[in-house]
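What follows is each chain in one-letter form.
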Amino acid sequence: MKTNRTSKRVVITGMGWVTPLGDDLPGVWKRLLASESAIGPVTHFPASTYATNFAAEVRGFDFSRFIADRASHENAHLNTRYALAAASSAWKQAGLGDASTGSALNKGINPRRAGVYLGAGEGIPDFENFAAANLAGWNAESRATDGTKWSTAAYKHFNPARELEQEPNFAVAHLADAFGCRGPAFNCMTACAASTQAVGEASELIRRGDVDLMIAGGSHSMIHPLGFTGFIRLTAMSRRRDDPSTAARPFNITRDGFVMGEGAGMIVLESLDHALARGAKPLAEIGGYGSSADAYRITDIHPEGKGAQAAMLGALTQAGI
């Protein structure tokens, strides 16, 4: 079957992030090179009695610095706000406008050929009201939940809009709305690979000519009671409570688990010809992308790294290396 599509070169023209070390590119990079740690006691919820009571939280985050039209995102959860802020920085660096002043859409962009591809997780549960509904619906005599009582309490306490915001597709929806992207909109949830996969899949959409521009990256926060409880029960998190700033030590023989963090990272991808036509400065080029699943175990990678090898070989092959 013949096609008129040609493989386009894909470049990055804008970058942005919101991290526990800050949200400006040069400042965070400097702190990373200085090996600074942003790990400390959890402040998002009372965690003093948890086996792990520390995390790398985003502190001092001011959403108003990034988005002027905050009314449209009134019910957005933290993960979505992080995504909007990071995308705002990337959009501005790409020379597409400034969302912090309300001028996010460049008139030279075709909205139907601009899209969003994220690796974003679910929103943050309304834990207090969720717990209240569970307690209200619990029947101590039968040791079971009374669905009618639970539903009555939930209907009384839950905010419908905030509940919808827990869905993992809502970060994509907010970004498409804020930056006027009316092209493809996707979200993938492949755990730790999600953001990288989102960038790779977004680059493929550009490479084959479906779109001119994509916002891609990821955002998530699981620093809440249910998120912490799940990983503690998996015995996956460090319990180095006496010295949390040194708890993230993946290559140390004394390691005892990971440290949870939160934040967002976004880039603006474009075809090279589209970027040059509007006078944008390419920061880097994506030469190749590969994806795989070794299908070994739900929590373990293949001991010989066959999945990672297949993905890297795919990227190298596409890049012609």
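One structure accompanies this document, and this report is about it. (Residues numbered from 1 in each chain as written. Predicted model: local features only at pLDDT ≥ 70, side-chain atom pairs only at ≥ 80, totals over all residues. Heavy atoms only, no water.)

### What to know about the overall build of the protein chain
Part 1 of the argument: Across its full length, the protein chain carries ten helices and ten strands.
Part 2 of the argument: Radius of gyration (C-alpha) of the protein chain: 22 Å, near the 20 Å computed for a compact globule of 321 residues.
Part 3 of the argument: When each of the 321 residues of the protein chain is scored for burial, the buried share is 39%.
Part 4 of the argument: If you take every contact in the protein chain between residues at least 6 apart in sequence, the share linking residues at least 24 apart comes to 71%.
Part 5 of the argument: Carbon and sulfur atoms form 55% of the exposed surface of the protein chain, whose accessible area is close to 17,400 Å².
Part 6 of the argument: Side chains of the protein chain give 31 positive and 31 negative charges; the mean places of these two sets differ by 4 Å. (Helix = DSSP H or I, 4+ residues; strand = E, 2+ residues; numbered from the N terminus. Rg over C-alpha atoms; globule rule 2.2 N^0.38 Å. Buried < 20%, exposed > 50% of the residue type's maximum accessible area, 1.4 Å probe, protein only. Contact = heavy atoms within 4.5 Å. Areas by Shrake-Rupley, 256 points an atom, 1.4 Å probe, with all protein chains shown as cover. Lys, Arg positive; Asp, Glu negative; His and termini not counted. Charge placed at Lys NZ, Arg CZ, Asp CG, Glu CD.)

### Re unusual backbone geometry
Part 1 of the argument: Here the phi dihedral of S35 falls at roughly 60°; this positive angle occurs in a residue that is not glycine.
Part 2 of the argument: In this structure S35 comes out as exposed when scored by relative accessible area, which is 65%.
Part 3 of the argument: Phi is positive for A191, which is not a glycine, with a value near 55°.
Part 4 of the argument: Following the sequence through the fold, A191 ends up in the loop between strand 7 (185-187) and helix 7 (194-207).
Part 5 of the argument: The class of A191 is exposed, set by a relative accessible area of 68%.

### Here's the deal with the nonpolar core
Part 1 of the argument: Among the nonpolar cores identified, the biggest contains 32 residues, and W91, L118, L175, F179, I215 and M266 are the most heavily contacted of them.
Part 2 of the argument: Within the residue set of this core, elements represented by two or more residues are helix 2 (78-93), strand 4 (114-120), helix 6 (170-178), strand 8 (213-221) and strand 9 (262-271).
Part 3 of the argument: Residue contributions to this core peak at eight residues, all from helix 2.
Part 4 of the argument: In contact with L118, other than residues within four places in its own chain, are A171, V172, L175, F186, N187, C188, A198, A216, G217 and M266.
Part 5 of the argument: V10, A194, I206 and I286 belong to the second largest nonpolar core, which has 16 residues in total. (Core = buried A, V, L, I, M, F, W, Y, C linked by side-chain atoms within 4.5 Å.)

### Overview of the pairing of strand 9
Part 1 of the argument: Most of strand 9 sits inside the fold, with nine of its ten residues counted as buried.
Part 2 of the argument: When strand 8 meets strand 9, the two strands line up antiparallel, connected through nine bridges. Bridge pairing links M214 to L269 in strand 9. (Pairing = 2+ DSSP bridges.)

### Brief notes about helix 1 (residues 25-33)
Part 1 of the argument: Its side-chain oxygen at 2.8 Å from the backbone nitrogen of G27, D24 defines the N-terminal cap of helix 1.
Part 2 of the argument: Of the residues flanking the end of helix 1, it is S35, one or two places downstream, whose phi is positive at about 60°. (Polar contact = N/O pair within 3.5 Å; in protein donor to acceptor, adjacent residues only side chain to side chain.)

### Here's the deal with the pairing of strand 4
Part 1 of the argument: Among the seven residues in strand 4, seven count as buried, and that is most of the element.
Part 2 of the argument: A two-sided burial pattern is seen for strand 4, the buried positions comprising A114, V116, L118 and A120 on one face and G115, Y117 and G119 on the other.
Part 3 of the argument: Sheet topology note: the strand 4/strand 8 ladder contains seven bridges and is parallel. Residue V116 lies in a different strand from strand 8, and its bridge partner there is I215.
Part 4 of the argument: Here strand 4 runs beside strand 7; their pairing, made up of three bridges, is parallel.

### Focus on the layout of surface pockets
A probe matching the size of a water molecule, rolled over the atoms, marks out where space remains unfilled.
Part 1 of the argument: Here the second largest pocket is characterised by a volume of approximately 380 Å³.
Part 2 of the argument: Taken together, 16 residues make up the lining of the second largest pocket; nearest its centre are H44, I124, P125, F127 and H224.
Part 3 of the argument: Of all the secondary-structure elements, those providing two or more residues to the lining of the second largest pocket are helix 3 (127-137) and helix 5 (160-164).
Part 4 of the argument: Among the residues making up the lining of the second largest pocket, the classes are represented as eight nonpolar, four polar and four charged. (1 Å grid on protein atoms, 1.4 Å probe; cavity = no way out; pocket = protein on both sides within 12 Å on 5 of 7 lines; lining within 4 Å. Points joined across faces, edges and corners; volume = space filled by probe spheres on them. Nonpolar A, V, L, I, M, F, W, Y, C, P; charged D, E, K, R; others polar.)

### Describing the sheet that holds strand 8
Part 1 of the argument: Strands sit in the order 7-4-8-9-1-10 across an open sheet of six strands; the sheet is mixed. Of all strands in the sheet, those with a lone pairing partner are strand 7 and strand 10 (284-286), marking the two edges. Within the sheet, the average angular offset between the axes of one strand and its neighbour, ignoring direction, is 25°.
Part 2 of the argument: As paired strands, strand 1 (residues 10-18) and strand 9 are joined by eight bridges and run antiparallel to one another. When the bridges of strand 9 are listed, W17 appears paired with G265. (Axes fitted to C-alpha atoms, helices over the stretch in contact; angles between N-to-C directions.)

### Side note on the packing of aromatic side chains
Part 1 of the argument: Under the criterion given, the structure shown has ten aromatic pairs.
Part 2 of the argument: Measuring from ring centre to ring centre gives 6.4 Å for Y50 and F228, while their planes differ by 75°; the resulting arrangement is edge-to-face. Here F228 lies in helix 8 (residues 225-233) and Y50 lies in the loop between strand 2 (39-41) and strand 3 (54-56), a separation of 178 residues in the sequence. Both residues of the pair, Y50 and F228, count as buried.
Part 3 of the argument: The interplanar angle of 40° and the centroid separation of 6.4 Å between the aromatic rings of F61 and F63 together place this pair among those described as tilted.
Part 4 of the argument: Taken together, the ring pairs connect F61, F63, F66 and Y82 into an aromatic cluster. (Phe/Tyr/Trp six-rings, centres within 6.5 Å; stacked < 30°, edge-to-face > 60°.)

Geometric descriptors of this kind do not, in isolation, establish any biological role.
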